[in-house]
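Architecture and fold: a report
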There are 2 protein chains.
Amino acid sequence: MPAATCIASGRYEQMPCMDFQSCFSVWNKLTPRQQNWVLEQLQKRQVKKGTVLHNGSEDCTGLLLIKSGQLRAYMLSKEGREITLYRLFDRDLCLLSASCVMKGIQFDVTVKAEKDTEFWVIPAEVYRQLMEQSAAVANYTNEIMSARFSEVMWLMEQVLWRSMDRRMAAFLLEEAAIESTGRLNITHETIANHMGTHREVVTRMLRYFQGEGMVKLSRGVIELLDEQKLTALRDL
Amino acid sequence: MPAATCIASGRYEQMPCMDFQSCFSVWNKLTPRQQNWVLEQLQKRQVKKGTVLHNGSEDCTGLLLIKSGQLRAYMLSKEGREITLYRLFDRDLCLLSASCVMKGIQFDVTVKAEKDTEFWVIPAEVYRQLMEQSAAVANYTNEIMSARFSEVMWLMEQVLWRSMDRRMAAFLLEEAAIESTGRLNITHETIANHMGTHREVVTRMLRYFQGEGMVKLSRGVIELLDEQKLTALRDL
């Protein structure tokens, strides 16, 4: 779902968020008092590409609302293996960076900036109190949580039942849509970390794709030559 | 987490729920008016083992509270393959059977009775209105959703990074804990459907376990001979 849904809804091409109030969906459902309190407590931050914003259960920053930029939420195994769970773009909310105030959450994710990112933080404790006071905020939280849960379920289906070639085609097309280019600057190692697999598997698959005329490989670059063929493979 | 957590918390050995009020955690946070309304709308149902209670997006029964019995929530691929996402026992709530009123849920699960089961149903529309009116109900819903999300994340980790032998050991030990017996009446096909794999893989693995003296296989029965060795393998 995510890949197709995101492209269809133009999620990658969203406009940056100009002010917090207009991008925080439940703003108008807060009381004036709650609104003032949130504005008082709100923090604005800017981070460079590569910054880790949230690291499992080690920290509990709060709820992040992205003004502009791109975050990646991923799972990390004890052995250091990774898989991307979902990406967050302009106007998206990062909920799991406030997981300490979400009762029932018993897993860790890591959140890292994939591009320079500007965002607002509602401190975790402030958000917890808002949820407690306001059914609207609680239901909104639920909606975001359900959306992330849905993305993970989609991923689970892919990992379990979809062959690696179709997943690779989907990944390359998604990446091209995010970057708005068919010329991807990405290493095989990075792709392996996104897909939860080994670098060798990625290299072998990309060479096969090259043999089929779908991509052209050069140092640090993958060029998509035949998006139609890749799409057909993805949607098989 | 689930396997260990469940056993540790004695979740399998919970007492049946005597009345709805005492098992529905947020009952005391409802207004008298809401309480009366819920009691008026509440339905009580009994189903036989094997009954499908919820089938993806085809129906939207509502929220189920289990009085006694056992449900299995699983994902079904287009090709008919299955994987167990989680099980529900006495006093547990089944939320995804009301997924139509959970905004943001974009996936289907199937819920089937694994034992004869008695439960209460809060119709979906009633529950939706309760969530809208009450921050307590909305936050409680969030907590349940987060718990199920956590179980799926745990499963994802298993599927991605844990070898089949360790997953099999974990499955057999969990099953023995649920059934309170080391003599399991279960087919290889059923195990394959729980674990999201093929029957042949299960058979091969069980034969290997038998060779190692961990289990004894006979028609339709798997006997756990060395729980200590199985536990060591699981916790490796």
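Okay, so let's go over this structure. (Residues numbered from 1 in each chain as written. Chains lettered and ligands numbered in written order. Predicted model: local features only at pLDDT ≥ 70, side-chain atom pairs only at ≥ 80, totals over all residues. Heavy atoms only, no water.)

Some remarks on the relation of the copies chain B and chain A
- Each copy of the sequence occupies a distinct position, and chain B is placed on chain A by a rotation of 180 degrees and an axial shift of 0.0 Å, giving an RMSD of 0.0 Å. What we have between these two chains is a two-fold relation. Considering only C-alpha atoms, the residue of chain B closest to the rotation axis is A135(B), which sits at 1.9 Å.
- Both copies share a contact surface, since 98% of the interface residues of chain B are interface residues in chain A too. (Least-squares fit on C-alpha atoms with pLDDT ≥ 70 in both. Contact = heavy atoms within 4.5 Å.)

What to know about a negative patch on the surface
- Among the surface-exposed residues, E58(A), D59(A), D108(A) and E157(B) lie close enough to one another that they form a single negatively charged patch.
- As for its position among the elements, D59(A) is in the loop between β2 (52-55) and β3 (62-68).
- Taking relative accessible area as the criterion, D59(A) reaches 31% and is therefore assigned partly exposed. (Patch = residues over 30% accessible without salt bridge, like charges linked within 9 Å, V, L, I, M, F, W, Y side chains within 5 Å. Areas by Shrake-Rupley, 256 points an atom, 1.4 Å probe, with all protein chains shown as cover. Salt bridge = Lys/Arg side-chain N within 4 Å of Asp/Glu carboxyl O. Lys, Arg positive; Asp, Glu negative; His and termini not counted. Charge placed at Lys NZ, Arg CZ, Asp CG, Glu CD. Helix = DSSP H or I, 4+ residues; strand = E, 2+ residues; numbered from the N terminus. Buried < 20%, exposed > 50% of the residue type's maximum accessible area, 1.4 Å probe, protein only.)

Structural notes on the sheet that holds strand β1 (residues 43-47) of chain B
Residues and elements named next belong to chain B.
- Across the sheet, which stays open at both edges, the 4 strands sit in the order β1-β8-β3-β6 with antiparallel pairing between neighbours. In this open sheet, the two edge strands, each paired with only one partner strand, are β1 and β6 (93-94).
- Where helix α4 (residues 124-133) meets the sheet, it contacts β3 (62-68) and β8 (117-123), and its direction lies at approximately 60 degrees from that of β8. (Pairing = 2+ DSSP bridges. Axes fitted to C-alpha atoms, helices over the stretch in contact; angles between N-to-C directions.)

What about the side chain of T141(A)?
- With respect to the helices, strands and loops of the structure, T141(A) is situated in helix α5 (residues 135-161).
- In this structure the side chain of T141(A) is engaged in a polar contact, spanning 2.6 Å, whose partner is the backbone oxygen of V137(A).
- Excluding residues within four positions of it along the chain, T141(A) makes contact with L95(A), M102(A), Y127(A), M131(A) and N142(B). (Polar contact = N/O pair within 3.5 Å; in protein donor to acceptor, adjacent residues only side chain to side chain.)

With respect to helix α8 (residues 199-211) of chain B
All names here are of chain B.
- Helix length check: α8 (13 residues) gives 18 Å between terminal C-alpha atoms against 18 Å at 1.5 Å per residue, within 8%.
- Listed in full, the buried residues belonging to α8 are V202, T203, M205, L206 and F209.
- Buried residues belonging to α8 abut α6 (164-179), α7 (188-195), β10 (215-218), β11 (221-224) and α9 (227-234).
- Positioned one or two residues after α8, G213 has a phi angle of 75 degrees, which is positive. (Expected span 1.5 Å × (residues − 1).)

As for unusual backbone geometry
All names here are of chain A.
- In this structure, R91 is a non-glycine residue whose phi angle is positive, near 75 degrees.
- Residue placement: R91 occurs in the loop between β5 (82-88) and β6 (93-94).
- Exposure remark for R91: the relative accessible area of 36% places this residue in the partly exposed category.

What to know about the pairing of strand β7 (residues 110-113) of chain B
Residue and element names in this part refer to chain B.
- As paired strands, strand β2 (residues 52-55) and β7 are joined by 3 bridges and run antiparallel to one another. The residue of β7 that forms the bridge with N55 is T110.
- Relative to β7, strand β4 (residues 71-76) runs antiparallel, the two sharing 4 bridges. Bridge pairing in β7 links A73 to V111.

Considerations on the sheet that holds β2(A)
Residue and element names in this part refer to chain A.
- The strand order β2-β7-β4-β5 describes an open sheet built from 4 strands, whose pairing is antiparallel. Strands with a single pairing partner mark the edges of an open sheet, and in this sheet they are β2 and β5. Pairwise comparison of adjacent strand axes, ignoring direction, gives a mean angle of 20 degrees for this sheet.

Quick notes on the pattern of salt bridges
Residue and element names in this part refer to chain B.
- For the structure shown, the criterion picks out 24 salt bridges over all chains.
- Between E125 and R128 there is a salt bridge; the shortest N-O distance is 2.6 Å. In this pair, E125 and R128 are both assigned in helix α4, 3 residues apart and thus about one turn of the helix distant.
- The class for E125 is partly exposed, based on a relative accessible area of 39%.
- For R128, a relative accessible area of 28% corresponds to the partly exposed category.
- Across the pair E200 and R199 runs a salt bridge whose closest N-O atoms are separated by 3.6 Å.

Thoughts on the packing of aromatic side chains
- Summed over the entire model, instances satisfying the criterion amount to 13 aromatic pairs over all chains.
- For the pair F20(A) and F24(A), a centre-to-centre distance of 5.1 Å together with 20 degrees between the ring planes defines the contact as stacked. Here F20(A) matches F24(A) in class, with each residue buried.
- When the centroid spacing of 5.8 Å and the interplanar angle of 70 degrees are considered together, the rings of F20(B) and W120(B) count as edge-to-face. Residue F20(B) is located in helix α2 (residues 20-23), and its partner W120(B) is located in strand β8; the two are separated by 100 residues in the primary sequence. (Phe/Tyr/Trp six-rings, centres within 6.5 Å; stacked < 30°, edge-to-face > 60°.)

A few points about α4(B)
- Listing the buried residues of α4(B) in full gives A124(B), V126(B), Y127(B), L130(B) and M131(B). Seen from one end, α4(B) has its buried residues packed into an arc of 160 degrees, which puts them on one side.
- In this fold, the buried residues of α4(B) make contact with α5 of chain A together with α3 (32-41), β3, β8 and α5 (135-161) of chain B. (Arc of directions from axis to C-beta.)

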